[in-house]
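Chain by chain, the residues run as shown.
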Amino acid sequence: MKIKNICCIGAGYVGGPTMAVIAQKCPEINVTVVDINEERIKAWNDEDVENIPIYEPGLSAVVKEARGRNLFFSTDVDAAIDKADMIFISVNTPTKTYGIGKGMAADLKFIELCARQIARVSKDDKIVVEKSTLPVRTAEALKNILDNTGNGVNYQILSNPEFLAEGTAVDDLMNPDRVLIGGDIDTTKGKEAVEALVDVYAHWVPRERLLTTNVWSSELSKLTANAFLAQRVSSINAMSELCEKTGADVNEVSKAVGMDSRIGSKFLKSSVGFGGSCFQKDILNLVYISKSFGLNEVADYWEQVILMNDHQKRRFAAKIVQTLFNTVSGKKIALLGWAFKKDTNDTRESAAIYVADYLLNEQAEIVIYDPKVKTEQIYADLDYLNSRSSEENRARLKVVNTPYEATNDSHAVAVLTEWDEFKELDWQKVYNEMLKPAFLFDGRRLLKRKTKEEIGFEFYAIGS
Ligand code: NAD
Ligand code: UGA
């Protein structure tokens, strides 16, 4: 079966870039990305391609090439579903904030709404692809809704989790380590559906990297991959604290450990704590699923990854307070970086949010500079925590347009995102314009200790 029309529900960080790359690589397939968020769709359609709603290196060029040719962004969800042979569901699956599983389980209401809409609209057979990250066995629920509320058409459900990382999304999509496709490989129709999706990716991904499995393995592999990745960060962060007590240096330790080919060198960078929309939510989901099967030891094991991460964020903020003579009340502290990592404007679960919140509780005056994050986003992130009134957040935390405005007259500077430009700052100027002693905290191991100490900074870096 050759796919001619693809619809993707959800024009977010995954749906947008993924579909842009599929459209670019498969010019004969029409790809329509739909969303209920009108503003987002408007931004995807902005005449100036630099104004698309997601910042990812290389993305605007891909969108520019395909948009209007075979890549379309629309709010007409019904029309796109009706026309498609293959429908990707790429909507958000946040942690539940209410009811059973609150704070742990994935909230699948957006997924279910998509399924019901597909069932209502579809008049011919469809392949439905889970692109969102979902608890294992969600495909069963999807199939149940589609088969029982639909118009009697045949649905094949595939799981095709996305492994892209933000900041490198386009590279990851162009050259993935693997593409995972789970389907009902025991039936002819199921096999055909898997092959149809394999053919889409085979336009640019070598066949040996297209991995097909049963649906449950595919769903669970995504949660497993994120849990393993996050676990590595928590493992090295646990060591960073021990390094600080013993005179070892966490960068040296991670290099030494990573050179063991069985361990590998990637994802061993100590930091102020991992952020991003998925690691925490997916591990909580895994913990919840394990508990629901009565696997309490399994649940406790993975939960520790989150507890260690919370500890790392808290201990970094506490270190600032302690170093500034146990009080930051009324002191100006500059935070460089708000995004959860460099090269993205995404701030979801960013460690910076929690560090700022901690310091605000200690009555500090915070000034933020981030090259890509908008001021409204920073306030929205803080307001979401509900730690104080939004007026107070606005009174006590300011956002500025240059790093030097942030650092000028400050008692301390903390690097919270590893933006390249922070390496190149005129650190002598920063030092000259700060109050003395000038405290500099590196939560990303971005800066060289020697040169900063030569300038005169009191320098602290995670893990050394
Ligand atoms: P997102 O919030 O950026 O985008 C989701 C979009 O879906 C939103 O724009 C929302 O308006 C839209 N939406 C929700 N319900 C809808 C409906 N019924 N009809 C139409 N549109 C609807 O989320 P995201 O970061 O793209 O993540 C999507 C999924 O992909 C999640 O399950 C996530 O875990 C997974 N994932 C994310 C990443 C990442 O790097 N962000 C990577 C891999 C996997
Ligand atoms: C992560 C995974 O890397 C992707 O494979 C996955 O698809 C995605 O989650 C998802 O499911 O959403 P992402 O969160 O975009 O991607 O970014 P990462 O590069 O994984 O970084 C996550 C966090 O860990 C960041 O805050 C980063 O600074 C931190 N990190 C990462 C470290 O502190 N140390 C490291 O060595 C690596």
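Residues numbered from 1 in each chain as written. Chains lettered and ligands numbered in written order. Predicted model: local features only at pLDDT ≥ 70, side-chain atom pairs only at ≥ 80, totals over all residues. Heavy atoms only, no water.

- An unreviewed UniProt entry lists the protein chain under the name UDP-glucose 6-dehydrogenase, from Salegentibacter salegens.
- Quoted verbatim from the Function (unreviewed entry) heading of the UniProt record, the comment on the protein chain is "Catalyzes the conversion of UDP-glucose into UDP-glucuronate, one of the precursors of teichuronic acid."
- According to the UniProt record, the Sequence similarities (unreviewed entry) comment for the protein chain reads "Belongs to the UDP-glucose/GDP-mannose dehydrogenase family." (UniProt positions renumbered as here; feature names shortened; annotations may be inferred.)

So, the overall build of the protein chain
Working step 1: Each helix and strand counted, the protein chain has 19 helices and 14 strands in total.
Working step 2: In terms of overall dimensions, the protein chain is globule-like: its C-alpha atoms have a radius of gyration of 24 Å, near the 23 Å expected for 464 residues.
Working step 3: Principal-axis analysis of the C-alpha atoms gives the protein chain an extent of 75 × 50 × 45 Å.
Working step 4: Sequence-distant contacts in the protein chain: of pairs separated by 6 or more residues, those separated by 24 or more amount to 75%.
Working step 5: Counting only carbon and sulfur atoms, one obtains 50% of the accessible surface of the protein chain, whose full area is about 20,700 Å². (Helix = DSSP H or I, 4+ residues; strand = E, 2+ residues; numbered from the N terminus. Rg over C-alpha atoms; globule rule 2.2 N^0.38 Å. Contact = heavy atoms within 4.5 Å. Areas by Shrake-Rupley, 256 points an atom, 1.4 Å probe, with all protein chains shown as cover.)

Points about the site of ligand 1
Working step 1: In the region of ligand 1, 25 residues are neighbours, and Asp-35, Arg-40, Thr-93, Glu-166 and Lys-281 sit closest.
Working step 2: Note that a nitrogen atom of ligand 1 is positioned 2.8 Å from one of the side-chain N or O atoms of Glu-166.
Working step 3: Within the side chain of Lys-281, an N or O atom sits 2.6 Å from an oxygen atom of ligand 1.
Working step 4: For ligand 1, whose free accessible area comes to 840 Å², the fraction covered by protein is 92%.
Working step 5: Among the residues forming the shell around ligand 1, the class breakdown is nine nonpolar, nine polar and seven charged. (Near = heavy atom within 4 Å. Polar contact = N/O pair within 3.5 Å; in protein donor to acceptor, adjacent residues only side chain to side chain. Nonpolar A, V, L, I, M, F, W, Y, C, P; charged D, E, K, R; others polar.)

Some points on the UniProt feature "active site" (unreviewed entry) in the protein chain
Working step 1: UniProt records the feature "active site" (unreviewed entry) at Cys-278, using the numbering of this structure.
Working step 2: Structurally, the position occupied by Cys-278 is in the loop between helix H10 (250-258) and helix H11 (279-292).
Working step 3: The residues contacting Cys-278, other than those within four sequence positions of it, are Asn-226 and Ile-283.

Here's the deal with the domain arrangement of the protein chain
Working step 1: Partitioning the protein chain into domains gives domain 1 (5-205) and domain 2 (222-464).
Working step 2: Listed by partner, the interface residues are 25 residues for domain 1 and 22 residues for domain 2.
Working step 3: It is Tyr-55, Met-104 and Glu-166 in domain 1 that bury the most area against domain 2; as a group they hold 36% of the surface buried on that side.
Working step 4: Here domain 1 and domain 2 share one salt bridge between them.
Working step 5: There are six residue pairs in polar contact (both at pLDDT 80 or more) connecting domain 1 and domain 2.
Working step 6: Residue composition of the side of domain 1 that touches domain 2, by class: 15 nonpolar, seven polar and three charged. (Domains from an automatic or database assignment. Buried area = accessible area lost by both parts, 1.4 Å probe. Salt bridge = Lys/Arg side-chain N within 4 Å of Asp/Glu carboxyl O.)

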